[in-house]
Amino acid sequence: MMYELIDFKTHGDYQGSLVALEKGEDFPFDIKRVYYIWGTKQNVVRGKHAHRKLEQVIVCTSGSCDFILDDGKERQTVHLDNPAQGLYIKHNIWREFTNFSQDCVVMVLASEHYDEADYIRNYDEFKKEISK
Ligand code: TYD
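What comes next is a walk through the structure. Worth saying up front: this structure is predicted, and the values here are computed from it rather than measured. (Residues numbered from 1 in each chain as written. Predicted model: local features only at pLDDT ≥ 70, side-chain atom pairs only at ≥ 80, totals over all residues. Heavy atoms only, no water.)

Some remarks on the overall build of the protein
Part 1 of the reasoning: The number of helices and strands found in the protein is one helix and 10 strands.
Part 2 of the reasoning: Along the protein, helices (α) and strands (β) appear in the sequence β-β-β-β-β-β-β-β-β-β-α when read from the amino end.
Part 3 of the reasoning: The C-alpha radius of gyration of the protein comes to 15 Å, within 12% of the 14 Å expected for a compact globule of 132 residues.
Part 4 of the reasoning: With the principal axes as the frame, the protein shows a C-alpha extent of 50 × 35 × 25 Å.
Part 5 of the reasoning: Taking all 132 residues of the protein together, the buried fraction comes to 40%.
Part 6 of the reasoning: Carbon together with sulfur atoms contributes 47% to the accessible area of the protein, which is approximately 8100 Å² in total.
Part 7 of the reasoning: Of the side chains in the protein, 17 bear a positive and 22 a negative charge, and the two mean positions are spaced by 7 Å. (Helix = DSSP H or I, 4+ residues; strand = E, 2+ residues; numbered from the N terminus. Rg over C-alpha atoms; globule rule 2.2 N^0.38 Å. Buried < 20%, exposed > 50% of the residue type's maximum accessible area, 1.4 Å probe, protein only. Areas by Shrake-Rupley, 256 points an atom, 1.4 Å probe, with all protein chains shown as cover. Lys, Arg positive; Asp, Glu negative; His and termini not counted. Charge placed at Lys NZ, Arg CZ, Asp CG, Glu CD.)

Below, the structure written as structure tokens:
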């Protein structure tokens, strides 16, 4: 399985909706870093990398976008448009994200601090590493 979709517990009432993500049972790892992406220009393809160790849960908190995931054997596209759902990706998965709506905000919860050495930014290198 290249990914899991996590349905977050949502506290909805007459005012609207709220999701709280806390260390513990509802979340697959201890969060060390959060970053978010917005204002992405049309036709841009972001990502184009894999991680050697890092795990991530990705939430499209506004708008929509597509994640293309690749484990070296097959490719799958996941459409994200639900702030109450998280896309959980473990290590060694090549990812590209595209088709950003104008109002798209993507929040990423990461298991590690930022470390450029954890990135595999070349697809051929990715294929080589996962075949070891
Ligand atoms: P990059 O990972 O290339 O973005 P994407 O894969 O979404 O296209 O990151 C863009 C820039 O931001 C790059 O210079 C590294 C920097 N950056 C940080 O400094 N800290 C972070 O946590 C992340 C994710 C990126």
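From this point, the narrative continues.
Structural notes on the sheet that holds strand E5 (residues 65–70)
Part 1 of the reasoning: Spatially, five strands are ordered E6-E5-E8-E3-E10 in an open sheet, and the strand pairing comes out antiparallel. Across the chains shown, the open sheet's two edge strands, defined by having one partner strand only, are strand E6 (75–80) and strand E10 (119–120).
Part 2 of the reasoning: Pairing analysis gives two bridges linking strand E3 (residues 46–51) to E10, with the strands arranged antiparallel. Its bridge partner lying in E10, Ala50 is registered against Ile120. (Pairing = 2+ DSSP bridges.)

Side note on the sheet that holds strand E4 (residues 56–62)
Part 1 of the reasoning: Across the sheet, five strands lie side by side as E1-E7-E4-E9-E2; this open sheet has antiparallel pairing. The sheet is open, and its two borders are formed by strand E1 (4–7) and strand E2 (33–38), each paired with just one other strand. Across the sheet, the mean angle from the axis of one strand to that of its neighbour is 25°, orientation sign disregarded.
Part 2 of the reasoning: Pairing between E2 and strand E9 (residues 105–110): six bridges, direction antiparallel. Bridging across to E9, Trp38 finds its partner in Val105. (Axes fitted to C-alpha atoms, helices over the stretch in contact; angles between N-to-C directions.)

So, the pairing of E3
Part 1 of the reasoning: For E3 and strand E8 (residues 94–98), the ladder comprises three bridges, and the chain directions are antiparallel. Bridging across to E8, Arg46 finds its partner in Phe97.

Examining the packing of aromatic side chains
Part 1 of the reasoning: Tallied over the entire structure, the rule returns nine aromatic pairs.
Part 2 of the reasoning: Ring plane angle 15° and centroid distance 4.5 Å describe the contact between Phe67 and Phe97, whose orientation is recorded as stacked. Here Phe67, found in strand E5, pairs with Phe97, found in strand E8; they are 30 residues apart in sequence, far enough to count as distant. We note that Phe67, like Phe97, is buried.
Part 3 of the reasoning: For the ring pair Trp94 and Phe126, a centre distance of 5.7 Å and an interplane angle of 40° mean the geometry is tilted. Here Phe126 lies in helix H1 (residues 123–130) and Trp94 lies in strand E8, a separation of 32 residues in the sequence.
Part 4 of the reasoning: Members of the aromatic cluster, connected to one another through ring pairs, are Phe27, Phe29 and Tyr88. (Phe/Tyr/Trp six-rings, centres within 6.5 Å; stacked < 30°, edge-to-face > 60°.)

Remember, this is a structural readout, not a statement about activity or role.
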